[in-house]
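A closer look at the structure
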Amino acid sequence: MAPPNLKDPAERAAYRRELAGVARGIRLSGIGLAALGAVLVALHRRGMLDMPMWLAASVLGAGIMLMITGIAARTRYHALRMRER
């Protein structure tokens, strides 16, 4: 696939929409899981949740890892798309 012409506003907008869709599900699920983990950690710290701290922190860590994976996939896609052939 040829790199997009980022000097043209219409092509730049189309590429921006295309890039926003890359690994979107992974990034959004990572954000959701990280938010859930943060809530679990906060509830545990306030004594409102009877759950081991390592479990709450693991949920938070898994969410952060999913976000990093989605961001890395999007960055890799962008690098491959912009490479001249």
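Presented here is a report on the structure given in the accompanying data block. If you're wondering where the values come from, they're calculated on a predicted model, not measured in any experiment. Once a new chain begins, its residue numbering starts again from 1 and follows that chain's sequence as written. For a predicted model such as this one, the threshold for reporting local features is a pLDDT of at least 70, and the threshold for listing and counting side-chain atom pairs is 80 or more; totals across whole chains, interfaces and linings nevertheless cover every residue. Where side-chain values are given, they derive from all heavy atoms of the structure, hydrogens and water being excluded.

Some thoughts on the overall build of the protein chain
Quick note on the threshold: Secondary structure elements follow DSSP: runs of H or I of four or more residues count as helices, runs of E of two or more count as strands, with numbering from the N terminus. The globule rule used for comparison is 2.2 Å times the number of residues to the exponent 0.38, while the radius of gyration itself is calculated over C-alpha atoms. Each residue's exposure class comes from its accessible area (1.4 Å probe, protein chains only) as a fraction of the maximum for that residue type: buried when under 20%, exposed when over 50%, partly exposed otherwise.
What the protein chain contains, in helices and strands, is three helices and zero strands. Here the C-alpha radius of gyration of the protein chain, 18 Å, is well above what a compact globule of 85 residues would show, namely 12 Å. Overall, the protein chain is about 55 × 20 × 15 Å in size when its C-alpha atoms are taken along their principal axes. Out of the 85 residues in the protein chain, the part that is buried amounts to 19%.

A closer look at the side chain of Arg81
Just so we agree on the cut-off: The term polar contact refers here to a pair of N or O atoms within 3.5 Å; inside protein, the definition further demands a hydrogen-donor-capable atom paired with an acceptor-capable atom, and it admits residues adjacent in sequence only when both atoms are side-chain atoms. Note on contacts: a residue pair qualifies if any of its non-hydrogen atoms lie within 4.5 Å across the two residues.
Tracing the backbone through its elements, the reader meets Arg81 in helix H3 (residues 53-82). Looking at Arg81, its side chain comes within polar contact range of the side chain of Glu18, at 3.1 Å. In contact with Arg81, not counting residues within four places along its chain, are Met1, Ala2, Pro3, Pro4, Tyr15 and Glu18.

What is shown is where atoms sit, not what they do.
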